[in-house]
Amino acid sequence: MTRLDVPGHVRESQGAHGGAVLLDVRSGHCFAMNSVAKVLWQEWRRSRDFDAGVRVTAQLFPEACHERIQEDARELVDALVSRGLLATGCHDTEHAGSASAGSTGAPAVETGHRPPDRPGAAGAVHNPVSAEVPMAAASLRPRRTGSGARTIALGLLGLLGLLGALLLIRLPFRTVLRVVEWTGRRWCRREATPSQGAASLAAVRRAAVLYPGRAACLETSLATFMMLALGRRRTHWCIGTAVDPYRFHAWIEAQGTPVRAPDDYGAEAFRRILSV
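Here the structure is a predicted model, which is why all the values come from computation and not from measurement. (Residues numbered from 1 in each chain as written. Predicted model: local features only at pLDDT ≥ 70, side-chain atom pairs only at ≥ 80, totals over all residues. Heavy atoms only, no water.)

Q: I tried to follow the packing of aromatic side chains on my own but got confused; where do I start?
A: We describe a pair of aromatic rings using the distance from one ring centre to the other and the angle between the two ring planes. Under the defined criterion, the tally for this structure stands at two aromatic pairs. When the ring of Trp44 is compared with that of Phe50, the centres are 5.8 Å apart and the planes differ by 20 degrees; the resulting orientation is stacked. The class of Phe50 is buried, set by a relative accessible area of 3%. Between Phe173 and Trp237 the ring centres are 6.3 Å apart and the planes differ by 45 degrees, which places this aromatic pair in the tilted class. Taken as a pair, Phe173 in helix H5 (residues 173–187) and Trp237 in strand S8 (residues 236–242) lie far apart in primary sequence, 64 residues in all. Of the residues examined, Phe173 reaches a relative accessible area of 10% and is grouped as buried. Using a relative accessible area of 1% as the deciding quantity, one classes Trp237 as buried. (Phe/Tyr/Trp six-rings, centres within 6.5 Å; stacked < 30°, edge-to-face > 60°. Buried < 20%, exposed > 50% of the residue type's maximum accessible area, 1.4 Å probe, protein only. Helix = DSSP H or I, 4+ residues; strand = E, 2+ residues; numbered from the N terminus.)

Q: I'm lost on the packing of helix H1 (residues 35–47) against helix H3 (residues 66–82) in this one. Help?
A: Helices that pack against each other are described as a pair by the angle of their axes relative to one another and the distance between those axes. Interaxial distance between H1 and H3 falls to 11 Å at its minimum, and their mutual angle equals 70 degrees. In terms of orientation, H1 and H3 fall into the roughly perpendicular class. Here the hand of the crossing between H1 and H3 comes out right-handed. Touching Ala37, Leu40, Trp41 and Trp44 of H1 are Ala73, Leu76, Val77 and Leu80, all from H3. Its residues assigned to classes, the contact of H1 with H3 shows eight nonpolar, no polar and no charged. (Axes fitted to C-alpha atoms, helices over the stretch in contact; angles between N-to-C directions. Parallel < 35°, antiparallel > 145°, perpendicular 65-115°, else oblique. Left-handed = near helix turned anticlockwise from the far one by under 90°. Contact = heavy atoms within 4.5 Å. Nonpolar A, V, L, I, M, F, W, Y, C, P; charged D, E, K, R; others polar.)

Q: What is the right way to read the nonpolar core from this model?
A: Grouped burial of nonpolar side chains is what soluble globular proteins tend to show. With 41 residues, the main nonpolar core has Leu177, Val180, Leu222, Trp237, Ile239 and Leu274 as its most contacted residues. Sequence-distant contacts of Leu177, defined by excluding residues within four places in its chain, comprise Val25, Trp237, Leu274 and Val276. Formed by 19 residues, the second largest nonpolar core is a distinct cluster that contains Leu4, Ala37, Leu40 and Ala73. (Core = buried A, V, L, I, M, F, W, Y, C linked by side-chain atoms within 4.5 Å.)

Q: I'm lost on the sheet that holds strand S2 (residues 10–14) in this one. Help?
A: Strand pairing in a sheet relies on backbone hydrogen bonds. The paired strands run either parallel or antiparallel. Spatially, three strands are ordered S2-S3-S4 in an open sheet, and the strand pairing comes out antiparallel. Two strands lie at the open edges of the sheet, namely S2 and strand S4 (29–33), each paired on one side alone. Neighbour-to-neighbour, the strand axes of this sheet turn through a mean angle of 25 degrees, independent of strand direction. Of the strand pairs in this sheet, S2 and strand S3 (residues 20–24) are connected by five bridges, and their pairing is antiparallel. Paired with Arg11 across the two strands is Leu23, which belongs to S3. (Pairing = 2+ DSSP bridges.)

Okay, here's the thing in structure tokens:
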């Protein structure tokens, strides 16, 4: 194989323990890679050369067999290409055998929600691991604040925002991103404040309690964005990843400040991989 290219729809976020997470903005799917796979990926992104990635990895992990690194690298390329996370003009279709406990641990990207194992000592990985990253669960029991006409008005806007988000989220993920980007850039005229963002999030979460289907952070954050956009106020919709176990989380930011609910513990552990 002579050339490897990273498509424009792929985003990368650095993970703990030397790993990384890739996001396909077309589908919204995240994929986790361990530290060895990350070295290969980053060198391929830089040089676009398969052999260069193998050489760099062999230098960083001299205790590993060069042939084993090369075989695992081919397996990783096949997995990434099959999922549209990597493109190659001349692809060697020979498949290496499954990586074992004695291998370098360069993983094939797997679907499902199995959390990956931690890398071992001295950079060695005991199991070839990667996984589709699940959504972080969020509590939907917001504190009730305020009363009267303002609370009713916020409640109605929160319901409208939630309904809009639930309809929008059914579209392909890349379409969702285009709508969010257009809305923030062309429709919204003023920046929302963090306090406005917090009040809107609380209203959306109150509405989400009554919804019988899924209303986790992806839906509630998008609904909060939509609710504020009804008043032509701009926020940024963000998606981030965290480890132990690998998972992802969605939130909005107002004037550069993450907007979180009072009971949203551990949100600071997430690293932003996308901001629209």
